[in-house]
Protein chains: 2
Amino acid sequence: MTDKEKSWAIAEDVARMAGVSRSAVSRTFTPGASVSPKTRARVLEAAKTLNYHVDINARNMIQGRSTFVGVVTSALVSPFRAQLLAPIAHHLGARGLLPILMNADDPDQTSYALQRLLSYRIAGVIMTSGAPPLSLAREYIERKVPVAMINRAPELEGADVINSDNHAGGALAARELFNSGATRFAFIGPHTTHFSGRQRCEGYVDALTRLGVRKNRITLCNSTISSYEAGQLAAREVLADAAHAPDGVFCATDMVALGFMDEARRTFGRRFPEDMRLVGFDDIQHAALDSYRLSTIAQNTDTLAHSVVDMLSHRITDFSRAAEVRIAPVTFVRRATTG
Amino acid sequence: MTDKEKSWAIAEDVARMAGVSRSAVSRTFTPGASVSPKTRARVLEAAKTLNYHVDINARNMIQGRSTFVGVVTSALVSPFRAQLLAPIAHHLGARGLLPILMNADDPDQTSYALQRLLSYRIAGVIMTSGAPPLSLAREYIERKVPVAMINRAPELEGADVINSDNHAGGALAARELFNSGATRFAFIGPHTTHFSGRQRCEGYVDALTRLGVRKNRITLCNSTISSYEAGQLAAREVLADAAHAPDGVFCATDMVALGFMDEARRTFGRRFPEDMRLVGFDDIQHAALDSYRLSTIAQNTDTLAHSVVDMLSHRITDFSRAAEVRIAPVTFVRRATTG
DNA sequence: TTGTACGCGTTATCAG
DNA sequence: CTGATAACGCGTACAA
């Protein structure tokens, strides 16, 4: 520190200027404390001219907790996860909480970083899909740090979860593809390993079955991750045999759908929706672009963010409450790939 | 708080267990303090069994500063800004700093939130392009809070700035378009109001002029913002008169280029690169997708993030140092829209 | 309602 | 190298 003069006013300075005790200043800035309107006014005025702000670090220390919430997410390049960030920050702010960003892309560093986060006496942690392994979340809960998650399997005892209605989304996709005339169906995405992918696939297959579609008319094409490249790869696999190629495809995410669409158009000359119909999941920005106009199942990011913050702040005030699992409704967005 | 029992071990607990003084514990966890290897080992062992973590709030308080850095950014949906977030978090973490996310989309709330941030005794602030007005940044500097910015005009005294080499990028685009046979040129984007847009445009026009292109062969198409829609609009404007339509177009950002490309293809039947050539700026994910394969000027997000963190941490240790303005090199990424 | 006195968990200082 | 003690800025019992 080159500049040693303190650049902030402290409560004592304000007290001296207002001609009151230091406690009076403290009480003025403590919600629900008893101060006479007169002193309160004098304190506020002095605080304003001195540009006084309560030192939240000190307040946090004394109260044994902080107002910081760790937001741990991986693959920020994933458009959907990026879309989630803004509403999370907004709803946290509305409750006086502040988001600390924690990138979980490097698993080794993540464990260390999460450990470090414990030093900050954070009020809670929000984890989004595909982020750190459950074992790390468990460590938090063992230390009584509230954990809330978005789009993850509700496997962790004591953690709240909000999931988009993947099952209903899959069913919606099935119905729309069926109604627009498809007869041979496919699902593309991680339907064995990934939680959301599996639910979406199940909802899809269930609904198709109820619609009377026979099993041999449904192809399940697995992939390890939900990427553009996975979609391209699946297209080459599924469209190679023209005789048995599907004409109604549901992809686990929009990025997969985009990859599928591009490869189907370029390599196999397929047109959407004339030759085949396609539905994605998420409703990311790209889906609306003119070159795609992808019909998709939209997740409501604001609902997801609001719920996760709501549940987390409940658990912050009462750590031992029963874990909650909420389901956020999804909606079908009709664009050009479903006729 | 329902659970009153303290869930964290404190230094005193560790000291008692290790049979040493509190100070010994403190020194063990203070980098550069002198402890004998023997005590150090005993402390570390006790700390491990008790799961002790230094309370950073308390440490911050006594040291009069925190390790939090406000990262204020607007429009997180903007892919480029989202891409910047991960490397910023990474480089901050490498210096023991933690990013506090601050969304600046709502200007009213922003001012309030920035005020609130002052209460946290943050170590510094990073601002990205197009975020809050300069007046807010000025408030921080007045309170001796270091400010570093990415892709902004170096107008603010005492704030460090790192910018991509917009001028060179514009020149690169000019050269590539020229070499791939274009004869009528256009620039599309905010070249009057927006700092980066203006620099990119200047570099473009300068280079074209040096290449011998006459002024009446260069069209400047202004827009208020850099959006997909702005690109579409510009295409309708610039391509309406087929006789004077450009065949070499440089857009201020990739999103603008995508909009231009889609509209040019759909409404005017233009093909890239056969009928016209196109270069964007940023190198966002979308640019690489098969339906676009957009040639573009890539910003080096890792360099930007590294520099901004580097300058910020320098200013954290010496607030009065001379302001620095750095330029980050850009590179041309050849894809399918430049022949 | 107001002021005094103490404690929160840590680091810096200083004597040993 | 070690241990005792004084800060840091604030909230809050307690007594007035």
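Note that this is a predicted model, so its numbers are computed, not measured.

1. What to know about the protein's contact with DNA strand D
Residues in close proximity to DNA strand D total 26 residues, the closest being Arg-22 and Ser-26 of chain A together with Arg-27, Ser-34 and Thr-39 of chain B. Near the protein, within 4 Å, the atoms of DNA strand D are sugar or phosphate in 43% of cases. Within the side chain of Ser-26 of chain A, one N or O atom sits 2.7 Å away from a phosphate oxygen of DNA strand D. Taking Arg-27 of chain B, its side chain carries an N or O atom lying 2.5 Å from a base nitrogen of DNA strand D.

2. What to know about the domain arrangement of chain A
All names here are of chain A. Domain boundaries assigned for chain A yield domain 1 (3-54), domain 2 (64-165 + 301-329) and domain 3 (166-299 + 333-338). Each of domain 2 and domain 3 was reduced to a C-alpha centroid, and the two centroids are 30 Å apart. Contact residues are listed per partner, giving 12 residues for domain 2 and 14 residues for domain 3. Carbon and sulfur atoms make up 53% of the surface buried where domain 2 meets domain 3, a total of about 1,000 Å² over both sides.

3. Examining the packing of helix 5 (residues 79-94) of chain B against helix 13 (residues 301-317) of chain B
Residues and elements named next belong to chain B. Following both chains from N to C, one finds helix 5 and helix 13 inclined at 50 degrees, their axes separated by 8 Å at the closest point. In terms of their interaxial angle, helix 5 and helix 13 are classed as oblique. As for the relative orientation of helix 5 and helix 13, their crossing is right-handed in sense. Residues Phe-80, Gln-83, Leu-84, Pro-87, Ile-88, His-91 and Leu-92 of helix 5 pack against Thr-301, Asp-302, Leu-304, Ala-305, His-306 and Val-309 of helix 13. Of the residues that constitute the contact of helix 5 with helix 13, the class distribution is eight nonpolar, four polar and one charged.

4. Notes on the sheet that holds strand 10 (residues 296-298) of chain A
All names here are of chain A. Read from one edge to the other, the open sheet built from six strands follows the order 7-6-8-9-10-12, with strand pairing classed as mixed. Of all the strands in the sheet, just strand 7 (218-222) and strand 12 (331-333) have a single pairing partner and so form its edges. With strand direction ignored, the average angle separating the axes of adjacent strands in the sheet is 20 degrees. In the sheet, strand 6 (residues 185-189) pairs with strand 8 (residues 248-251) via four bridges, with the strands oriented parallel. Bridge pairing in strand 8 links Phe-187 to Phe-250. Running at roughly 175 degrees to strand 6, helix 9 (residues 195-210) makes contact with strand 6, strand 7, strand 8 and strand 9 (277-282) of the sheet.

5. Some remarks on the side chain of Asp-282 of chain B
Residues and elements named next belong to chain B. Locating Asp-282 in the fold gives a position in strand 9 (residues 277-282). The buried charged residue Asp-282 lacks any salt bridge partner; its closest oppositely charged side chain belongs to Arg-200, at an N-O distance of 4.2 Å. In this structure the side chain of Asp-282 is engaged in a polar contact, spanning 2.8 Å, whose partner is the side chain of Gln-299. What Asp-282 contacts, discounting residues up to four positions off in sequence, is Phe-80, Arg-200, Thr-253, Asp-254, Thr-296, Ile-297, Ala-298 and Gln-299.

6. Thoughts on the relation of the copies chain B and chain A
With an RMSD of 0.3 Å, the fit of chain B onto chain A corresponds to turning through 180 degrees and sliding 0.1 Å along the axis. Expressed as an axis order, the relation between the two copies is that of a two-fold axis. The position closest to the rotation axis in chain B is occupied by the C-alpha of Ile-100 of chain B, lying 2.4 Å away. The overlap is high: 100% of the interface residues of chain B also sit at the interface in chain A, so the same surface is used on both sides.

7. With respect to the pairing of strand 7 of chain A
Residue and element names in this part refer to chain A. Note that strand 6 and strand 7 share five bridges and pair parallel. In the strand pairing of strand 7, Ala-186 is matched with Thr-219. Handedness of the strand 6-helix 9-strand 7 crossover: right-handed.

8. Focus: the interface of chain B and chain A
The partner chain A presents 66 residues to the 66 residues of chain B that form the contact. Taking both sides of the interface into account, the surface hidden between chain B and chain A amounts to around 6,100 Å²; carbon and sulfur atoms contribute 56%. Linking chain B with chain A are four salt bridges, by the criterion used here. Inspection of the chain B/chain A interface yields 25 residue pairs in polar contact (both at pLDDT 80 or more). Sorting elements by how many residues they give to the side of chain B that touches chain A places helix 5 of chain B first, with seven residues. For the side of chain B that touches chain A, the class distribution of residues is 30 nonpolar, 23 polar and 13 charged.

9. Things to note about helix 7 (residues 134-142) of chain A
What helix 7 of chain A keeps buried is the set Leu-134, Leu-136, Ala-137, Tyr-140 and Ile-141 of chain A. Down the axis of helix 7 of chain A, the sector holding all buried residues measures 160 degrees, keeping them to one side.

10. Notes on unusual backbone geometry
Across residues other than glycine, the phi torsion is negative in most instances, and most of the peptide bonds are trans. Residues and elements named next belong to chain A. Cis peptide bonds are those with omega within 30 degrees of zero, and the linkage from Phe-272 to Pro-273 qualifies with 5 degrees. Along the chain, Pro-273 falls in the loop between helix 11 (254-268) and strand 9. For Lys-144, which is not glycine, the phi torsion reads 60 degrees and is therefore positive. With relative accessibility at 32%, the residue Lys-144 sits in the partly exposed group. Residue Asp-282 is not a glycine yet carries a positive backbone phi of 125 degrees. Judged by relative accessible area, which is 9%, Asp-282 ranks as buried.

11. Observations regarding the packing of helix 8 (residues 166-179) of chain A against helix 9 of chain A
Residues and elements named next belong to chain A. Contact pair helix 8 / helix 9: the axes reach a minimum separation of 7 Å and the direction vectors enclose 45 degrees. Between helix 8 and helix 9, the interaxial angle falls into the category oblique. As helix 8 packs across helix 9, the resulting crossing turns out to be right-handed. Note on element contacts: helix 9 touches helix 8 through Ser-196, Gln-199, Arg-200, Glu-202, Gly-203, Tyr-204, Asp-206, Ala-207 and Leu-208, opposite Asn-166, His-167, Gly-170, Ala-171, Ala-173, Ala-174 and Leu-177. Grouping the amino acids of the contact of helix 8 with helix 9 by side-chain chemistry returns seven nonpolar, six polar and three charged.

12. Some thoughts on the sheet that holds strand 6 (residues 185-189) of chain B
Neighbouring strands of a sheet are bound in pairs by backbone hydrogen bonds; such pairs are parallel or else antiparallel. Residue and element names in this part refer to chain B. Taken in spatial order, the six strands line up as 7-6-8-9-10-12 in an open sheet, and their pairing is mixed. The open sheet has two free edges, formed respectively by strand 7 (218-222) and strand 12 (331-333), since each of these has just one partner strand. In this sheet, neighbouring strand axes are inclined to one another by 20 degrees on average, regardless of whether the strands run parallel or antiparallel. Bridging between strand 9 and strand 10 (residues 296-298) involves three bridges; their strand directions are parallel. Its bridge partner lying in strand 10, Asp-282 is registered against Ala-298.

13. What to know about the packing of aromatic side chains
Inspection of every chain in the model, using the stated rule, returns 14 aromatic pairs over all chains. Both rings, one in Phe-29 of chain A and one in Tyr-52 of chain A, keep their centres 5.4 Å apart while their planes meet at 55 degrees; by these two values the pair is tilted. Here Phe-29 of chain A, found in the loop between helix 2 (22-28) and helix 3 (37-50), pairs with Tyr-52 of chain A, found in the loop between helix 3 and helix 4 (56-63); they are 23 residues apart in sequence, far enough to count as distant. Overall, Tyr-52 of chain A belongs to the buried group, its relative accessible area being 13%. Ring geometry for Phe-68 of chain A and Tyr-120 of chain B: centres 5.2 Å apart, planes at 55 degrees, overall tilted. Placement of Phe-68 of chain A in strand 1 (residues 68-73) and of Tyr-120 of chain B in the loop between helix 6 (107-118) and strand 3 (124-127) is noted, with the two residues assigned to different chains. Exposure class is identical for Phe-68 of chain A and Tyr-120 of chain B. Each is buried. Three or more aromatic residues link up through ring pairs in this structure, and these residues are Phe-68 and Tyr-120 of chain A together with Phe-68 and Tyr-120 of chain B.

Thresholds, definitions, all that
- All residue numbers refer to position in the chain's written sequence, counted from 1.
- Chains and ligands are labelled by the order in which they are written, letters from A for the one and numbers from 1 for the other.
- Totals for whole chains, interfaces and linings use every residue, but because this is a predicted model, local features are given only for residues with pLDDT of at least 70 and side-chain atom pairs only at 80 or more, for both listing and counting.
- Neither water nor hydrogens contribute to the side-chain values; these are computed over all heavy atoms in the structure.
- Proximity is defined per residue: if any heavy atom of the residue lies within 4 Å of a molecule or strand, that residue is considered near it.
- Each polar contact in these results corresponds to two N or O atoms within 3.5 Å; when the atoms are within protein, one needs to be able to donate a hydrogen and the other to accept it, and residues that are neighboring in sequence are counted only if both atoms are side-chain atoms.
- What counts as a domain boundary in this text is fixed by an automatic or database domain assignment.
- Contacts are residue-level and defined by heavy atoms, with any inter-residue pair within 4.5 Å sufficient.
- Throughout, buried area stands for the accessible area (probe radius 1.4 Å) lost by two parts on being put together, summed over both.
- A fitted line through C-alpha atoms serves as each axis, taken over the contacting stretch for helices, and the angle formed by two N-to-C directions is quoted from 0 to 180°.
- For helices the rule is a DSSP run of H or I covering at least 4 residues; for strands it is a run of E covering at least 2, with both sets numbered from the N terminus onward.
- Reported orientations rely on four angle classes, namely roughly parallel under 35 degrees, roughly antiparallel over 145, roughly perpendicular from 65 to 115, and oblique for the rest.
- Each crossing gets its hand from how the near helix is turned against the far one by less than a right angle, where anticlockwise is left-handed and clockwise is right-handed.
- For this classification, Asp, Glu, Lys and Arg are treated as charged, while Ala, Val, Leu, Ile, Met, Phe, Trp, Tyr, Cys and Pro are nonpolar and the rest, including Gly, are polar.
- When DSSP finds two or more bridges between two strands, those strands count as paired.
- Accessibility here uses a 1.4 Å probe with only protein chains present; expressed as a share of the type maximum, an area under 20% marks a residue as buried, one over 50% as exposed, and anything in between as partly exposed.
- This count recognises Lys and Arg as positive and Asp and Glu as negative, with His and chain-terminal groups excluded.
- Each salt bridge in this description consists of a side-chain nitrogen of Lys or Arg and a carboxyl oxygen of Asp or Glu lying within 4 Å of one another.
- Superposing copies: least-squares fit, C-alpha atoms only, residues required to have pLDDT of at least 70 in both.
- A clockwise course of the path from the first strand over the helix to the second, judged with the strands pointing away from the viewer, identifies a crossover as right-handed.
- It is the directions from the helix axis to the C-beta atoms whose arc is reported.
- Each aromatic pair joins two rings of Phe, Tyr and Trp (for Trp, the six-membered one) with centres within 6.5 Å, and gets the label stacked for planes under 30 degrees apart, edge-to-face for over 60, and tilted for any other angle.

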